[in-house]
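Results of the structural survey
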Amino acid sequence: MTRPPMRDDLVLLPGYHSPQLGVAVRLNTNESPSPPPERWRRALAAELERIDWHRYPDRQAHELRAALAQHYGCEPSMVMVANGSNEIIQGLLLAFGGAGRQAAVFEPTYAMHSHISRITGTQVVVGERQADLRLGRAEVDRVFDLEPDVVFLCSPNNPTGILEPEELVRHVADRGREQGVLVVVDEAYGQFAPWSALELVDEDNTVVVSRTFSKTWSMAAARLGYAIGPSWAVEALEAVSLPYHIDAAKQVAGRLALEYHHEMRDRVDRLVDERERLVGALRELGVEQWPSHANFILFRPPGDGDRVWQALLDRGVLVRNCASWPRLGGCLRVTVGRAEENDAFLHALAEILGS
Ligand SMILES: *Cc1c(COP(=O)(O)O)cnc(C)c1O
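Summary of the structure given here. Quick caveat, the model's predicted, so the values are computed rather than measured.

**Overview of the overall build of the protein**
- Looking only at helices and strands, one finds twelve helices and twelve strands in the protein.
- Here the C-alpha radius of gyration of the protein, 21 Å, is about what a compact globule of 355 residues would show, namely 20 Å.
- The dimensions of the protein, computed from C-alpha atoms along their principal axes, are 60 × 55 × 55 Å.
- For the protein, the residues scored as buried account for 55% of the 355 residues in total.
- Sequence-distant contacts in the protein: of pairs separated by 6 or more residues, those separated by 24 or more amount to 73%.
- Here the protein displays about 16,400 Å² of accessible surface, and carbon together with sulfur accounts for 51% of that area.
- Of the charged side chains in the protein, 37 are positive and 49 negative, and the gap between their average positions amounts to 4 Å.

Given below as structure tokens:
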């Protein structure tokens, strides 16, 4: 047998590496530490009873998209849903990127933006953040002058937690509109931010905002994400989606979740309180950290980051190891968990740092 060769440009591509380990305290993937409301679970179970399992689901996911449109005060024609916001990103790249086209990212940022670009055959243009990991306007202009087809922003940014200032996002949107460049603002942590690029979404701008049920909505298991953008971008996403790509159960799960948005906000508020407690404790430990507007904190413990990561794991605490990532030497990222999980993390870290 001769094995069919994989695409040359994919052979050397590293995969997505975040170990799923069965330890007691898992603070490595920015999930919500608390489940969705019990009432949601019961309402979902009741609706699942009524699903016609022998029929294909609503291909357009009308009810879910209408519910999202109502939630955000926009037209249903400006909403697209997908199996996680990563699939939204994939769809945007299939439609607006691809062979012979370029997508720009500002590193360090969410690795999937460049990864999915490469998988879709889109060349990656790398913009650089400043030493303090903030993004400068001159660098935005330099990258736009290279004439990319798609530009990614992530705000609050993962893995830094840093919020992009409104003026900067507006500047990116202006350049995108002038040059006809699709601007994708990944707001997976948007509920933690005081301002959203949703304000910029309209038919005459080229801004698409992607969001997810995986983080603040406490539904990582559901794999549901969505985009809010001009209807021409939504049509482009529809054009590259597989038929019936959102299953019936997921459509119900998302629609019902929106009815519990007050509970979601309460969870966000509790996480912010816990985050600030962690920030204070890390400061007391003398650990370098970056200002977070999300449910995680990027920090750099003194000494060898890999060793600290392993020592935390040995104490049953899993955080994200960014120590060998370019531009983030020695850094780790901890997700804000429940109070007792955060205590376990702080206790273990203090022990490791010997204070
Ligand atoms: C977690 C995360 C996502 C979520 O992806 P899903 O596919 O919706 O689970 C998207 N973007 C960023 C920046 C993230 O951190």
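**Brief notes about the packing of aromatic side chains**
- Taken as a whole and assessed by the stated rule, the structure comprises seven aromatic pairs.
- Through a chain of ring-to-ring contacts, the aromatic side chains of Y72, F213, W217 and Y226 assemble into a single cluster.
- Across the ring face of Y244, the terminal group of R59 is positioned such that the distance to the ring centre comes to 5.6 Å.
- Across the ring face of F296, the terminal group of R333 is positioned such that the distance to the ring centre comes to 5.5 Å.

**Points about the site of the ligand**
- Of all residues adjacent to the ligand, which total 13 residues, the nearest are S85, Y189, T212, S214 and K215.
- D186 places a polar side-chain atom, nitrogen or oxygen, 2.7 Å from a nitrogen atom of the ligand.
- Residue S214 places a side-chain N or O atom 2.7 Å away from an oxygen atom belonging to the ligand.
- Across the shell around the ligand, the residue classes break down as four nonpolar, six polar and three charged.

**Description of the environment of V308**
- With respect to the element layout, V308 can be found in helix α11 (residues 305–314).
- As for V308 and V252, which are separated by 56 residues in sequence, their C-alpha atoms are 42 Å apart.
- With residues near it in sequence (within four places) discarded, V308 still touches P301, P302, L332, L349 and I352.

**Describing a negative patch on the surface**
- Negative charge collects at one region of the surface, where E75, D202, E203, D204 and E235 lie side by side.
- Among the secondary structure elements, E235 is positioned in helix α8 (residues 231–240).
- Of the residues examined, E235 reaches a relative accessible area of 52% and is grouped as exposed.

**Thoughts on the nonpolar core**
- In terms of nonpolar packing, the biggest core is built from 79 residues, with F213, L312, V319 and F345 touching the most fellow members.
- Here this core takes six residues from helix α10 (residues 261–284), the largest share from any one element.
- Each residue touching F345, except ones within four places of it in the same chain, is listed here: L27, L278, L282, F299, L312, V317, V319 and V334.
- Grouped together as the second largest cluster of nonpolar side chains are 24 residues, F96, I116, A227 and A236 included.

**Re the sheet that holds strand β9 (residues 288–289)**
- Spatially, five strands are ordered β1-β11-β12-β10-β9 in an open sheet, and the strand pairing comes out mixed. If you trace the sheet from one side to the other, it starts and ends with β1 (25–27) and β9, each paired once.
- Examined bridge by bridge, strand β10 (residues 296–300) and strand β12 (residues 332–335) share four bridges and lie antiparallel to one another. Within β12, the residue paired with L298 across the bridge is R333.
- Across the sheet, α11 touches β11 (317–321) and β12, and the angle it forms with β11 is around 155°.
- Across the sheet, helix α12 (residues 339–353) lies against β1, β10, β11 and β12, angled at about 90° from β1, the strand it touches most.

What counts, and where the lines are drawn
Residues numbered from 1 in each chain as written. Predicted model: local features only at pLDDT ≥ 70, side-chain atom pairs only at ≥ 80, totals over all residues. Heavy atoms only, no water. Helix = DSSP H or I, 4+ residues; strand = E, 2+ residues; numbered from the N terminus. Rg over C-alpha atoms; globule rule 2.2 N^0.38 Å. Buried < 20%, exposed > 50% of the residue type's maximum accessible area, 1.4 Å probe, protein only. Contact = heavy atoms within 4.5 Å. Areas by Shrake-Rupley, 256 points an atom, 1.4 Å probe, with all protein chains shown as cover. Lys, Arg positive; Asp, Glu negative; His and termini not counted. Charge placed at Lys NZ, Arg CZ, Asp CG, Glu CD. Phe/Tyr/Trp six-rings, centres within 6.5 Å; stacked < 30°, edge-to-face > 60°. Lys NZ or Arg CZ within 6 Å of the ring centre and 35° of its normal. Near = heavy atom within 4 Å. Polar contact = N/O pair within 3.5 Å; in protein donor to acceptor, adjacent residues only side chain to side chain. Nonpolar A, V, L, I, M, F, W, Y, C, P; charged D, E, K, R; others polar. Patch = residues over 30% accessible without salt bridge, like charges linked within 9 Å, V, L, I, M, F, W, Y side chains within 5 Å. Salt bridge = Lys/Arg side-chain N within 4 Å of Asp/Glu carboxyl O. Core = buried A, V, L, I, M, F, W, Y, C linked by side-chain atoms within 4.5 Å. Pairing = 2+ DSSP bridges. Axes fitted to C-alpha atoms, helices over the stretch in contact; angles between N-to-C directions.

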